[in-house]
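# Summary of structural features
Read off the chains here:
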Amino acid sequence: MKSVFLSRRLLTGIASFLVLMAAWEVSIKAFGIRPIMLPAPSSILAEFRTDSSWYLGNAWYTLLTTLAGFALSVIFGVLIAVLLVSVKWFENTVYPLIVSFNSVPKVAIAPLFVVWLGTGPEPKIAISFLIAVFAIIVDAVHGLRSVPADVMDLGRVLKGSRWDFFFKVRLPCALPSILTGMKVSISLALVGAIVGEFVASQRGLGYIILSAQGSFDTPRVFAALFLLGGMGMALFTMLEWIERRVTHWRHIA
Amino acid sequence: MIAVDANNVQKTYAGPRSTLALDNVSLEIPQGRFVSILGPSGCGKSTFLRCIAGLEQITSGSLQVQGSEVQGPPDNIGMVFQRDALLDWRTVEKNIMLPIEFKKKPEADARVAMKKLLKLTGLSEFGDRYPRELSGGMRQRAAICRALIDSPELLLMDEPFGALDALTRDQMNVELQRVWMEVRNTVVFVTHGISEAVYLADKVVIFSPRPGRIVEIMDINLPRPRKLSVRETPEFGAYTSHIRDLFSSMGLIDEHESDALTESSW
């Protein structure tokens with residue numbers, strides 16, 4: 001039943017994508033738009049085919065950067081959220097700093113990371129992490145605070161250790177929120193990785209986009225953009241799948 | 001042995017306008033009795049229960065559970081809340097076992113006790129289900145099992161059936177009596193239902209509207225096990241009409257206004 005539903009969703013998704021591509025192709029031909037302005041899907045595909053392994057290799061690099069930034073943002077985001085809800089002075093002193101820091105556009109400080117961390121993968125991962133972590137913190141704090149009053153009382157009456165209460169009650173209670181935060185943060189991690197590659201890189205989809213744009217090679221820009229879009233969608237779908245597995249009890253009737 | 005011994009208990013909520021929630025509450029509950037605490041909404045009866053549970057501190061007076069002054073939740077109590085407070089991500093069995101895990105007690109013995117409780121409450125076939133798969137009544141039964149798993153000497157119930165429909169509520173009353181007759185521990189049962197309070201209890205403690213004071217303590221002398229039809233007997237009627245007269249005299253029931261109000265306080 002579920003798999004039928006999923007495959008139907010997949011089919012309608014593919015169908016609407018194909019319709020959009022067809023409309024795009026036809027309009028390019030009909031209005032005689034030059035490829036440098038907007039290439040037709042067929043020429044984007046042709047561009048991808050000229051060296052698909054080069055494209056995929058660079059996509060792989062960006063994917064690894066994204067996953068590293070994402071993993072760090074989940075680990076540190078949840079840790080920071082735990083400290084925020086359990087240590088009063090931490091909330092008073094650190095939370096305002098985090099909020100104000102989040103208001104600084106990370107794109108603007110990205111070049112600094114090149115100065116600090118060089119031109120390897122580290123600054124990209126760092127930027128990806130910084131852009132992605134805030135979503136995790138906000139949702140994890142919300143989740144950790146959402147334990148119902150009755151359940152808090154139950155915990156006190158049972159007199160368990162703080163450790164037990166945290167791992168058996170509080171964290172599972174926060175899990176749905178944390179997963180929501182993760183779905184937002186995975187896309188942001190991808191954005192961060194691209195921003196990092198814009199600033200200084202010889203590899204990755206961000207590098208392809210920037211260098212191709214410099215030489216007015218618009219089909220190449222679009223080939224990279226399509227890969228990026230596909231990657232974002234795959235990552236998001238993967239998280240939705242994980243979410244369904246981990247919080248299966250939420251989806252019962 | 002006295003299970004709960006309250007002497008001139010006073011509870012004030014501090015604040016810009018401090019409110020007196022409990023005023024001079026003195027009550028002795030002997031071991032092994034089923035006591036209903038009955039009063040209108042907001043009369044402080046739940047506050048009293050929470051003080052016994054050690055979830056709130058009394059302002060003055062003395063409050064002892066099993067012979068020692070309450071300072072934080074006493075050992076070996078079980079509590080049932082108005083909303084079942086089950087953990088959605090745990091199966092019924094795992095929910096019931098939570099106190100055992102928290103108290104680091106041997107699980108093998110507890111599993112035997114759990115199976116017995118599941119059987120007693122008619123949940124045997126639902127042990128591996130998740131709370132969301134159960135009806136409100138079944139969830140509350142699971143919560144009762146959880147409260148009883150560690151054989152507490154004192155069971156505290158805070159309007160446990162308040163969120164259930166009338167029919168389910170009747171059913172739960174019958175079942176609670178049956179379970180209790182097996183367990184025979186001390187129960188403090190907070191409710192605003194007159195009929196429910198009388199049906200279940202050996203003693204009904206009647207609270208006045210805020211600030212909560214004890215207006216009367218009634219012994220209920222009806223043989224057990226009680227059938228639901230006991231509610232139609234003249235003896236039962238005598239108890240409930242007396243309580244209704246008390247509520248009337250406190251201005252809580254006004255029969256000229258509407259009969260519906262009387263019904264809803266059942």
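Residue indices follow the written sequence of each chain, beginning from 1 at its first position. Just so you know, chain letters begin at A and ligand numbers begin at 1, following the order they were written in. Given that the model is predicted, a residue must reach a pLDDT of at least 70 before its local features are reported, and side-chain atom pairs must reach 80 or more before they are shown or counted; all residues, however, enter totals for whole chains, interfaces and linings.

## Examining the nonpolar core
Put simply, a nonpolar core is buried Ala, Val, Leu, Ile, Met, Phe, Trp, Tyr and Cys residues tied into one set by C-beta atoms within 7 Å. Burial is judged by counting the other C-beta atoms within 10 Å of a residue's own C-beta: 20 or more makes it buried, 12 or fewer makes it exposed, and any count in between marks it as partly exposed, with every C-beta position built from the backbone. Ile37, Ile52, Leu156, Val188 and Phe189 of chain B are the most contacted members of the largest nonpolar core, which totals 78 residues. An automatic or database domain assignment supplies the start and end points of every domain. When residues of this core are assigned to domains, at least three map to each of domain 1 (2-76 + 154-169 + 185-264) and domain 2 (86-151) of chain B. Counting 47 residues, the second-largest nonpolar core is a separate cluster that includes Ala126, Ile131, Leu190 and Ala224 of chain A.

## What about the sheet that holds strand S4 (residues 60-65) of chain B?
One open sheet accounts for four strands, arranged S2-S1-S4-S5 (chain B); its pairing is antiparallel. Edge positions in the open sheet fall to strand S2 (19-30) and strand S5 (68-69) of chain B, since each of these has one partner strand only. We treat two strands as partners when DSSP finds at least two bridges between them. Helix and strand definitions follow DSSP, with helices as H or I runs of at least four residues and strands as E runs of at least two, each counted in order from the N terminus.

## Description of the pairing of S2 of chain B
All names here are of chain B. By the bridge criterion, eight bridges tie strand S1 (residues 2-13) to S2 in an arrangement that is antiparallel. Bridge pairing in S2 links Val9 to Val25. Where S1 hands over to S2, the hairpin turn is made up of five residues, of which Gly15 adopts a positive phi near 160 degrees.

## Considerations on the interface of chain A and chain B
Here contacts are defined at the residue level, using C-beta atoms placed from the backbone and a cut-off of 7 Å between them. Taken together, the 17 residues of chain A in the interface contact 18 residues of chain B. Breaking the side of chain A that touches chain B down by element, the ones donating at least two residues are helix H7 (149-158) and helix H8 (162-199) of chain A. Looking at the side of chain A that touches chain B, the element that brings in the most residues is H7 of chain A, giving seven residues.

## Let's talk about the domain arrangement of chain B
All names here are of chain B. Segmentation of chain B into domains returns domain 1 (2-76 + 154-169 + 185-264) and domain 2 (86-151). If you average the C-alpha positions of domain 1 and of domain 2, the two centres end up 27 Å apart. Between domain 1 and domain 2, the contact holds seven residues from the first and six residues from the second. Residue classes follow a fixed rule: Ala, Val, Leu, Ile, Met, Phe, Trp, Tyr, Cys and Pro count as nonpolar, while Asp, Glu, Lys and Arg count as charged, and any other residue, Gly among them, counts as polar. When the residues that make up the side of domain 1 that touches domain 2 are grouped by side-chain class, the tally is five nonpolar, two polar and no charged.

## Side note on the packing of helix H2 (residues 92-102) of chain B against helix H4 (residues 136-148) of chain B
Residue and element names in this part refer to chain B. It is the contact of H2 with H4, at a shortest axis distance of 7 Å, that shows an interaxial angle of 30 degrees. Relative to H4, the element H2 lies roughly parallel. The crossing of H2 and H4 is right-handed. Contacts between H2 and H4 involve Val92, Asn95, Ile96, Leu98 and Pro99 from the former and Ala142, Cys145 and Arg146 from the latter. Classifying every residue of the contact of H2 with H4 by side-chain character gives six nonpolar, one polar and one charged. Angles shown run from 0 to 180 degrees and are taken between the N-to-C directions of axes, each axis being a line fitted to C-alpha atoms and, for helices, limited to the stretch in contact. Small angles under 35 degrees read as roughly parallel and large ones over 145 as roughly antiparallel, with 65 to 115 read as roughly perpendicular and the rest as oblique. Less than a right angle of anticlockwise turn of the near helix away from the far helix marks a crossing as left-handed, whereas a clockwise turn marks it as right-handed.

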